[in-house]
Amino acid sequence: MDLRPLSPALGAEVMGLDLSRGLAVAERDAVHHAWLEHGLLLFRGQDLDEAGLVKFGRNFGDLEPPPASAERTRAETRGAAAPEVWIISNVVENGVAVGALGDGEAEWHTDMSYMAEPPKASVLHAKEIPPSGGNTSWASMTAACRALDPDLLRRIEGRKANHDSSYTAAGQLRKGADSVTDVTQAPGAVHPILRRHPETGEEAIYLGRRTNAYIPDLPVEESEELLDALWTHCARPDFVYEHVWAVGDVVMWDNRSTIHRREAFDAASRRYMIRVQIKGDRPV
Ligand code: OGA
Ligand code: MN
């Protein structure tokens, strides 16, 4: 396999692997190593069904099931397909959305960080793509951490943040959740704002998502101001790789060291992706 960097900040394209054939041990180790080094890997021209995506994901650990709020949609529409697979789609069948995130913008986030032990990786495979729009961007939080100005660094050292579990990155209230009126009461998980990567040892900014985030022990206005300053820094264009999707793309990213966002696309077009998540550890 060959590697081609995708941007100065993060990401590499892996060439010469047909993922449907499965990975030999040496290939698996090479992919794992490249993924840690680049934060994101792109494999073009793949054709995996749900079982094939599950098999690929399992090379790197046990899979994390989709959240309970997504499972219901899936059960209503998809019957007994692989339960580990989460559909990310705007497609509506018989009046029911077959997947998550719709056609709107999905704000900057890292996946499922409202869990105590969020998934270390997500793997997204494009099956249907609109003619334009719906690009996804990733930003390196290790690069953002290295570039923090000393004043901002001093203000977050030793601090934690609550990662709200009520809303999706697309701003939809999750099934079974109540809307948040007071960020200090938002449900979710509290994680350190700076985390050390358990495999590379590198430090990264770990923010989850902006909506309803809160830094415990600070007055709300101060928490809001600090979070805004951090998010402005983290979304700096020099930390970002923007991906224009093609059918067959498989993108595997590290949720511990990157964030991502998706732009909106035309509601009249179809976008259909399948995703698996790989279990991770408690951020420290
Ligand atoms: C995701 C996600 C972005 C997209 O699957 O975690 O944020 O491009 N998707 O649909
Ligand atoms: Mn996501």
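Look up a bit, the structure's there.
What you see is a predicted model, and the numbers here were worked out from it, not measured in a lab.

*Asks:* Explain the coordination of the manganese ion (ligand 2) to me, please; I cannot follow it from the model alone.
*Replies:* Reference values for angles at a metal are 109.5 degrees in the four-donor tetrahedral case and 90 or 180 degrees in the six-donor octahedral case. Looking at the manganese ion (ligand 2), one finds its protein donor set to be His109 (NE2), Asp111 (OD) and His260 (NE2), positioned 2.1 Å from the metal centre. Positions of the donor residues of the manganese ion (ligand 2) along the chain correspond to the pattern H-x1-D-x148-H. Here histidine 109 and aspartate 111 have matching classes, each one buried.

*Asks:* How should I be thinking about the environment of glycine 208 in this particular structure?
*Replies:* Secondary-structure assignment places glycine 208 in the loop between β15 (203-205) and α6 (220-234). Each C-alpha atom of the pair glycine 208 and aspartate 164 lies 8.3 Å from the other, and the pair is 44 residues apart in sequence. With residues near it in sequence (within four places) discarded, glycine 208 still touches Trp108, His109, Thr110, Ser113, His163 and Trp231.

*Asks:* Looking at this structure, how should I read the site of ligand 1?
*Replies:* For ligand 1, the full set of nearby residues is Ile88, Leu101, His109, Asp111, Leu124, Thr136, Trp245, Trp253, His260, Arg262, Arg271 and Arg275. At a separation of 2.7 Å, an oxygen atom of ligand 1 approaches a polar side-chain atom of arginine 271. Across the complex, the protein chains shield 99% of the 290 Å² of accessible surface that ligand 1 would expose by itself. Across the shell around ligand 1, the residue classes tally to five nonpolar, three polar and four charged.

*Asks:* Which parts of the structure should I look at to understand the side chain of asparagine 212?
*Replies:* By secondary structure assignment, the location of asparagine 212 is in the loop between β15 and α6. A polar contact is formed between the side chain of asparagine 212 and the side chain of aspartate 164, at a distance of 3.4 Å. Contacts of asparagine 212, omitting those with residues within four sequence positions, involve Asn162, Asp164, Tyr167, Val180, Val183 and Ala186.

*Asks:* Any chance you could explain unusual backbone geometry here in plain terms?
*Replies:* The phi torsion of most residues other than glycine is negative, and most of the peptide bonds are trans. The backbone phi angle of methionine 112 is positive, close to 55°, even though this residue is not glycine. Relative to the helices and strands, methionine 112 is located in the loop between β9 (106-109) and β10 (121-128). One non-glycine residue, asparagine 212, lies in the positive phi region at around 65°.

*Asks:* Got a minute to help me understand the nonpolar core in this structure?
*Replies:* Note on soluble globular proteins: their nonpolar side chains tend to be buried together. By size, the foremost hydrophobic cluster in this structure holds 30 residues, and its most contacted members are Leu19, Leu41, Phe43, Phe56 and Val123. When residues of this core are traced back to their parent elements, those giving at least two are β2 (12-15), α1 (25-38), β3 (40-43), α2 (50-58), β10, β17 (250-254) and β19 (272-278). Sequence-distant contacts of valine 123, that is, excluding residues within four places in its chain, are made with Leu53, Phe56, Val250, Val251, Met252, Ile274, Arg275, Val276 and Ile278. Counting 26 residues, the second largest nonpolar core, distinct from the first, contains Ala144, Cys145, Leu148 and Ile259.

*Asks:* Just checking my understanding: could you explain the environment of arginine 174 for this structure?
*Replies:* Assignment of secondary structure puts arginine 174 in the loop between β12 (160-164) and β13 (188-192). Leaving out residues up to four positions away in the same chain, arginine 174 has contacts with Pro67, Ser69, Tyr114, Ser165, Ser166, Tyr167, Thr168 and Arg209.

Conventions used here
Residues numbered from 1 in each chain as written. Chains lettered and ligands numbered in written order. Predicted model: local features only at pLDDT ≥ 70, side-chain atom pairs only at ≥ 80, totals over all residues. Heavy atoms only, no water. Donors = N, O, S within 2.8 Å, 3.2 Å for Na, K, Ca; no water. Buried < 20%, exposed > 50% of the residue type's maximum accessible area, 1.4 Å probe, protein only. Helix = DSSP H or I, 4+ residues; strand = E, 2+ residues; numbered from the N terminus. Contact = heavy atoms within 4.5 Å. Near = heavy atom within 4 Å. Polar contact = N/O pair within 3.5 Å; in protein donor to acceptor, adjacent residues only side chain to side chain. Areas by Shrake-Rupley, 256 points an atom, 1.4 Å probe, with all protein chains shown as cover. Nonpolar A, V, L, I, M, F, W, Y, C, P; charged D, E, K, R; others polar. Core = buried A, V, L, I, M, F, W, Y, C linked by side-chain atoms within 4.5 Å.

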